[in-house]
Structures are given as C-alpha cells and as structure tokens.
Amino acid sequence: AHKTMITLIRIYYFCRNLLLKIYNPKNICYCTGMDGRLKNRYSTKEYAEDIADEIMQDIDYELFVYHCPCSDCYHLTKCNNLFHCK
C-alpha cells in the first residue's frame, strides 16, 4: 500500500508539472519535493551534478539530476526514474 501511494503521488506531480509546462509561458518553475517545498533550481546540468557530488559526500544514498518538466532548469532527486525511488 505504501509503494502504491508513493507511485500515485509521483504520477500526480508528474502530471501537474507537465500541465505547468504547457501553460507556463513565463518559464517559471513550480516543482516541489515530496515535502511540498519548492525544489532548488540549477541553471545547468553540470552545475547540478557538481552540487549533487558535494551533497552525496554527506549522505548515504545517490542523487540524480533531471531536467525540470516546467522550466529551463535542473533539479536533484533521490529517484533514478519516475517510479523507482532508491
């Protein structure tokens, strides 16, 4: 039941972010994490990867970089794809 709920939440955020991209002419990022807080924005993939490398020195899991679905920036996530979270 817990995994099903996480999957449904991820589908919700994916659909919401996709709609924001379609109806977002000002290219504003409204992406939030599972905690509801706005995600950090990184201007390039390389910069996001550098930040992820720094953060991963202090944590025991891997971070992944992905392109924002609603604006031209990058975010970090613990998930390596939409439905599989480490």
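All values derive from a computational prediction rather than experimental measurement.

J.: Help me understand the overall build of the protein chain, please; the structure alone is not making it clear to me.
T.: Looking only at helices and strands, the protein chain features two helices and four strands. Put simply, the protein chain runs from its N terminus to its C terminus through helices and strands in the order α-α-β-β-β-β. Burial analysis of the protein chain (86 residues in total) assigns 27% to the buried set. For the protein chain, restricting intrachain contacts to residue pairs at least 6 apart in sequence, the fraction spanning at least 24 positions comes to 48%. When the accessible surface of the protein chain is split by element, carbon and sulfur atoms take 57% of a total near 6,300 Å².

J.: Looking at this structure, I do not really get the nonpolar core. What am I missing?
T.: The tendency in soluble globular proteins is for nonpolar side chains to be buried as a group. In terms of nonpolar packing, the biggest core is built from seven residues, these being Tyr42, Ala48, Ile51, Ala52, Leu63, Tyr74 and Leu76. With three residues, the single largest contributor to this core is helix α2 (residues 45-56). When residues no more than four places from it in sequence are discounted, the contact partners of Ala52 are Leu63 and Leu76. Residues Cys29, Cys68, Cys70 and Cys73 belong to the second largest nonpolar core, which totals five residues.

J.: Please clarify how the packing of aromatic side chains should be interpreted in this entry.
T.: One pass over the structure, following the stated rule, counts one aromatic pair. Arranged with centres 5.7 Å apart and planes meeting at 65 degrees, the rings of Tyr42 and Tyr47 form a pair that is edge-to-face.

J.: Sorry if this is basic, but what is going on with the side chain of Ser71 here?
T.: Along the chain, Ser71 turns up in the loop between β1 (64-67) and β2 (74-77). Among the residues examined, Ser71 registers a relative accessible area of 4% and is labelled buried. Setting aside anything within four residues of it in sequence, one finds Ser71 in contact with Asn27, Ile28, Cys29 and Arg41.

J.: Where do I start with a negative patch on the surface in this structure?
T.: The grouping of Glu46, Glu49, Asp50, Asp53 and Glu54 at the surface amounts to a negative patch. Relative to the assigned elements, Asp53 resides in helix α2.

Conventions and cut-offs
Residues numbered from 1 in each chain as written. Predicted model: local features only at pLDDT ≥ 70, side-chain atom pairs only at ≥ 80, totals over all residues. Heavy atoms only, no water. Helix = DSSP H or I, 4+ residues; strand = E, 2+ residues; numbered from the N terminus. Buried < 20%, exposed > 50% of the residue type's maximum accessible area, 1.4 Å probe, protein only. Contact = heavy atoms within 4.5 Å. Areas by Shrake-Rupley, 256 points an atom, 1.4 Å probe, with all protein chains shown as cover. Core = buried A, V, L, I, M, F, W, Y, C linked by side-chain atoms within 4.5 Å. Phe/Tyr/Trp six-rings, centres within 6.5 Å; stacked < 30°, edge-to-face > 60°. Patch = residues over 30% accessible without salt bridge, like charges linked within 9 Å, V, L, I, M, F, W, Y side chains within 5 Å. Salt bridge = Lys/Arg side-chain N within 4 Å of Asp/Glu carboxyl O. Lys, Arg positive; Asp, Glu negative; His and termini not counted. Charge placed at Lys NZ, Arg CZ, Asp CG, Glu CD.

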